[in-house]
Amino acid sequence: MIHIYNYLTAKNAKVSQGTQSLISLRTLRFSLALFAVILTSCNEKKAEETHEEEKSQKEATLTESQYKTVGIETGFVEERNLNKIIKANGYTTVPPQNSAEVSTLIGGTVKDIYVLEGTFVNKGKVLATIQNLEVIEMQEDYHSATANVEYLQLEYNRQKTLSDENVNPRKTFQEVKAKLAAERARAQAAKNKLEALHVGTKGSSSLVPIVAPISGYVGKISIAKGAFAQTGVSLFEVVDNSQMHLDLNVYEKDLGSISIGQVIDFVLTNQSNKSIKGKIFGINKSFSNESKTVAVHAKIDPADAKDLISGMYVSANINIVNATVPALPKDAVVRNADKYFIFVQEDDHKNEKTKEKEIHFRAIEVIPGTTDLGFTEVKFVDKIEPDAKIVTEGAFYLLSAMKGGGEHEH
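Membership of the largest hydrophobic core comes to 27 residues, with the highest contact counts inside it found for L127 and F236. Listed by contribution, the elements that provide at least two residues to this core are β5 (99–102), β8 (126–131), α3 (134–164), α4 (170–196), β9 (207–211), β10 (216–221) and β12 (236–239). Among the nonpolar cores identified, the runner-up in size contains 23 residues, and V239, F266, I280 and V296 belong to it.

A few words now on the sheet that holds β10. The 4 strands are arranged β5-β12-β10-β7 in an open sheet whose pairing can be described as antiparallel. Looking along the sheet, the strands with just one partner apiece sit at the ends: β5 and β7 (120–121). Bridge count between β5 and β12: 4 bridges; the pairing is antiparallel. Opposite V102, over in β12, you have F236 as the bridge partner.

Turning our attention to the environment of L180. Among the secondary structure elements, L180 is positioned in helix α4. Contact partners of L180, with chain neighbours within four places excluded, come to V149, L152, Q153 and Y156.

Inspection of every chain in the model, using the stated rule, returns 3 aromatic pairs. Plain terms: the ring middles of Y156 and F173 are 5.2 Å apart, the flat faces sit at 35° to each other, and that makes the pair tilted. Of this pair, Y156 sits in helix α3 while F173 sits in helix α4, placing them 17 residues apart in sequence. The exposure class assigned to Y156 is buried, which follows from its relative accessible area of 18%.

What counts and how
Residues numbered from 1 in each chain as written. Predicted model: local features only at pLDDT ≥ 70, side-chain atom pairs only at ≥ 80, totals over all residues. Heavy atoms only, no water. Core = buried A, V, L, I, M, F, W, Y, C linked by side-chain atoms within 4.5 Å. Buried < 20%, exposed > 50% of the residue type's maximum accessible area, 1.4 Å probe, protein only. Helix = DSSP H or I, 4+ residues; strand = E, 2+ residues; numbered from the N terminus. Pairing = 2+ DSSP bridges. Contact = heavy atoms within 4.5 Å. Phe/Tyr/Trp six-rings, centres within 6.5 Å; stacked < 30°, edge-to-face > 60°.

Below you can see the structure in the form of C-alpha cells.
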C-alpha cells in the first residue's frame, strides 16, 4: 500500500512539473517576442537619430559677424597641372642686359648723390656727380682744336685757290691740308672723350655726371659724398626686373623629358601662397657643377615678375604633358576622422529669433589626390554645381563648428 502511494505521489509530481515547464516556455516565448518588438522600435529610433545626427554633422552655420571675423574666402574649382611633372629647384635672375654695374671712366671726388637705393630711374638719369680738373683740360683741348680747325679751313681754301692758279708751291697747300686734318682729328678725339664722360662740349666745368645706362631700380650704392671714386669700381647697381626669368637645376636623368616651350608652375620657397607660371626658353648644354645638374631657363610673364627680385629661391614643377586635374587650394580640404571634406557656401537665411543674417555651409566629401604648389587635386564623391562657391580660407574653422553640432534655424 505504501509503495502504491509513493508511486502515485511521484507521478503527480512529474505531471505538475511538466505543466509548469509548459507555462514557463510559453512565457519565455512571449517575452522574446515583446523584446524583439521593443528592440526593433529602438533600432528604428536610433537609426532616425543617427541619420539626423549625420545630417547635422555635415552642416555649419556662421552669423554675419562670425563670417567677417573668421575671414572666410571662397573660390571655384580650378583646372591645374598637378600630375606628370618634374620637380626642380632654382632661383630668379635677370638677363645680363637687364642688370648694370655703374662705374666711372675717370676718377674723381664725389660731389653729389641724387638717388636712394630702391628708387626707379630712367635710362640717362644722373645718379651722382664727381669732380675732376682733367675734364677742364679736355674741354680746353676741344675748344682749341675747333678754333684751329676754323682758321686752317680758311687757310686751306686760300692755299687751294693759289695752288690751282700756280701762284704758290703745291707743297704749301699740302702742309695746310695736313694741319687741318690733324686739328680735326684732335677736336673729334676731345669731343669723343667728353661725350663718353657725358660732359658737354660747351662751357667749362670740372663736374662729371654718373648716369644710369638702363631703366630700372637702384640697388646697392657703393659711394659717399666726399669719397674718391675710382675707375673700374662699381658705384651703383641698376636692375630692370621686367625681364625676370628662372634658372632651374634639372638632373641628368630628367633631361630627356625637358624641351623648350614647356610650361612650369613655381612658388617662392619662402612665400608658397602664390603660384606663378613660366615657360622654358633655353637649356644649357653643359653641367653646372659636380651635382650633375643642367641649368634650364624659363621666362616669367612681366605682370607676375614686377614684384620679384633677383636671387629669390623657387620650387618649380615642369609640366611634361598638358593633362590637367580639378584642384583647390590645399587649405580648402580638411580631414574629419578618415574622410576628407570641402565646404560649399549656400544661400543666406535670416534667423527669426535673433533677426541676424546667417550664412550656411555644407560639407562635401572628396577624395584628395596630388598636393603640390599649394593646390590639392580633388575628386568629388557626389557631383556639385560647376559654379559652387567653395571655401578656400577658413575651412578648418567650419570643421570645428560642424563637429560642435550647431543647430540651424531657417
